[in-house]
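# Chain and residue survey
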Amino acid sequence: MKVTLKVWRQKDQKAPGGFQIYQSPELNPNMSFLEMLDVVNEDLAGRGEDPIAFDHDCREGICGTCSLVIDGKPHGPHQGVATCQTYMRSFRNGVEIVIEPFRARPFPIIKDLVCDRKSFDRIQQAGGFISVRTGSTPDANSILIPKENSDLAMDAAQCIGCGACVAACKNASAMLFVSAKVSHFGLLPQGQPERHRRVTAMVQQMDEEGFGACTVTGSCEAVCPKSISLDFIARMNRDFAVALLKGGPKKPSSGGAG
Amino acid sequence: MNLLRQLWRSSLGKKYAMALTGVALFGFVVGHLLGNLQVFGAPELINSYAHFLKSKPGLLWGARLGLLSCVALHIVAAVQLTLLNRSARPIGYAGGSAYGSAWKSRYMALSGSVILAFVIYHLLHFTAMQPGINGVGDFNKLKTTLAGEPVADVYAMMILGFQVPWVSLVYLIAQTLLFLHLSHGLSSLFQSLGFRNHVWWPRITAASQIVSVVVFIGYASIPVAVLAGLGRDHAQKAKAALSSQPLESPESSIAGVAKEALK
Ligand code: HEM
Ligand code: FES
């Protein structure tokens, strides 16, 4: 099969970008979308042209590095998979495919289809962790966790931080990502001591990065390669309100022990 | 104070403000509808209700100021969040955007702005009773008596007002946009305030949908009923008062008009 690509090309962050049209060489329908780009790039390099820059790493849907908005949908035509797990057999022979980078002010473009998602790292660094070592894998049932909570925590922990939620949202809101990270720890006993500090710090960092606000459109949930639910955003909204009402942690009193 | 500032500074806090003011405005929308539906009773029913409201200026102005501050807060938060949202994506997509979004959610700013424009028109129309914009005449002249006391004939004002087809059309358009605004907003506010899980969300969206439809039917029924003939006789009598200058009894003014015509 062959396809026509309409690809966003941009030299660097400052340069203005634009679309370029490329004809693919002959493709195997069982290639992944990224392998198709590899083949196109080899072809471009052979002709002395600058290959198309795109992000990728694991190519098995677990690292969250691949991106791309394909025909208006982050991660391509399917539900619940990343671009790296999208295959050319999902496209008709001879079609034109529009490929754009994730677009948001907090995701500036580095080159072509590669954008800088360090704003997500900064949100994580603001509170998406547990400060004390929780030790290695504990014996089963030594810490009791209700089944529903552990299930929900695992649903949230599925987030691979790819940023598709931001890319899809008409407001470029990062709430699905932040709420997944907040809920993942907020649902587990190890996450409780820092629960309020975590949600306030992460939400504050999210706002500082310039992401938009949620208007409950549902786009993020629809494109999430891990099908993370909007329910987590409600959970974060609730946690944030409780955290503000309760205030910060009390200063330890100056009196000595005993 | 510190807490309020912290809330207002955060996008989540502004969404709480939108949701809470949205609840208050929705409460008004329902109360106002129940008041208005009295137009389906005898003229005395809604006239005495209107007279009762007017006779409690403290209550009336308290409610008005409360509502006004809710509207102001709702709009300021809406404008700030909308600007934030626009600035968060300076360059849009060529291949289509907002994949998978609920379509009503994309028109909240538009439906809200139309509602605001309508509210201003509505206040000038029926509250300030500006004669130039109603296509009928000076509503201030519509008087009736209630237990011997002269009071405003609100019933006649509503009937005469909605007998003008373009006025009814304006109201119906605004009511449709209010329906769109509510059918997204009512469920959305539960998300903003954090009251949602996978069990309750389908129930919340279904209930919001039903409530918005009921509110729409309730409001739209009034102009539609008037255009279909509700209160025509009463309006005929009241209309005479509008053309008379100064205020006379309806009979004599009809006689006056007839004499003019015969000359
Ligand atoms: C009768 C009047 C109104 C009612 C009952 C009402 C109700 C609501 C409700 C319940 C929400 C959802 C809040 C949330 O998602 O947390 C909302 C959102 C919103 N309203 Fe209104 N509103 C009214 C008037 C207005 C006006 C006059 C404007 C505008 C200028 C406006 C603009 C908006 C916007 C932009 C949103 C945000 C949409 C979103 O975040 O999804 N509204 N409104
Ligand atoms: S490349 Fe790792 S998720 Fe796609």
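Going by the structure above, here's the rest.
Residues numbered from 1 in each chain as written. Chains lettered and ligands numbered in written order. Predicted model: local features only at pLDDT ≥ 70, side-chain atom pairs only at ≥ 80, totals over all residues. Heavy atoms only, no water.

## A few points about the packing of aromatic side chains
- For the structure on display, the rule yields 15 aromatic pairs over all chains.
- For the ring pair A:Phe120 and A:Phe177, a centre distance of 3.7 Å and an interplane angle of 5° mean the geometry is stacked. Residue A:Phe120 is found in helix H2 (residues 118–127), and its partner A:Phe177 is found in helix H5 (residues 175–186); the two are separated by 57 residues along the sequence. No difference in accessibility class separates A:Phe120 from A:Phe177, as the two residues are buried.
- With a centroid separation of 6.0 Å and an interplanar angle of 55°, the aromatic rings of B:Phe179 and B:Phe216 are classed as tilted. Taken together, the positions of B:Phe179 in helix H7 (residues 165–193) and B:Phe216 in helix H8 (residues 200–227) put the pair 37 residues apart, joining distant regions of the chain. (Phe/Tyr/Trp six-rings, centres within 6.5 Å; stacked < 30°, edge-to-face > 60°. Helix = DSSP H or I, 4+ residues; strand = E, 2+ residues; numbered from the N terminus. Buried < 20%, exposed > 50% of the residue type's maximum accessible area, 1.4 Å probe, protein only.)

## Remarks on the pattern of salt bridges
- This structure, assessed with the given rule, holds 14 salt bridges over all chains.
- Between A:Arg117 and A:Asp55 there is a salt bridge; the shortest N-O distance is 3.1 Å. With a gap of 62 residues between them, A:Arg117 in the loop between strand S7 (114–115) and H2 and A:Asp55 in the loop between helix H1 (33–46) and strand S3 (69–70) connect regions that are remote in the sequence. Judged on exposure class, the residue A:Arg117 and its partner A:Asp55 are both buried.
- A salt bridge links B:Arg196 to A:Asp231; the shortest N-O distance between them is 2.6 Å. Taken as a pair, B:Arg196 in the loop between H7 and H8 and A:Asp231 in helix H8 (residues 231–246) lie in two separate chains rather than in one. The two residues B:Arg196 and A:Asp231 agree in class, both being buried.
- Look at the salt bridges and you will find they share partners, linking A:Arg9, A:Asp50, A:Lys111 and A:Asp112 into a network. (Salt bridge = Lys/Arg side-chain N within 4 Å of Asp/Glu carboxyl O.)

## Notes on the sheet that holds S3(A)
Residues and elements named next belong to chain A.
- Read across the sheet, 5 strands follow the order S2-S1-S5-S3-S4 without closing on themselves; strand pairing throughout is mixed. The strands lining the two open edges of the sheet, one partner per strand, are strand S2 (18–23) and strand S4 (73–74).
- Of the strand pairs in this sheet, S3 and strand S5 (residues 96–100) are connected by 2 bridges, and their pairing is antiparallel. Residue pairing for S5: Ile70 is matched across the bridge by Ile99.
- Docked against the sheet, H1 engages strand S1 (4–9), S2, S3 and S5, running at close to 80° with respect to S1. (Pairing = 2+ DSSP bridges. Contact = heavy atoms within 4.5 Å. Axes fitted to C-alpha atoms, helices over the stretch in contact; angles between N-to-C directions.)

## Concerning the side chain of B:His184
- Inspection of the secondary structure puts B:His184 in helix H7.
- The contact partners of B:His184, leaving out residues within four places of it in the chain, are A:Thr215, A:Val216, B:Lys104, B:Ser105 and B:Met108.

## Looking at the nonpolar core
- In this structure, A:Leu5, A:Phe33, A:Met88 and A:Ile97 are the most contacted members of the largest nonpolar core, which totals 91 residues.
- Counting only domains with at least three residues in this core, you end up with domain 1 (4–114) and domain 2 (117–245) of chain A.
- By size, the runner-up hydrophobic cluster in this structure holds 26 residues, among which are B:Tyr121, B:Phe139, B:Tyr155 and B:Ile222. (Core = buried A, V, L, I, M, F, W, Y, C linked by side-chain atoms within 4.5 Å. Domains from an automatic or database assignment.)

None of this, on its own, says anything about what the molecule does.
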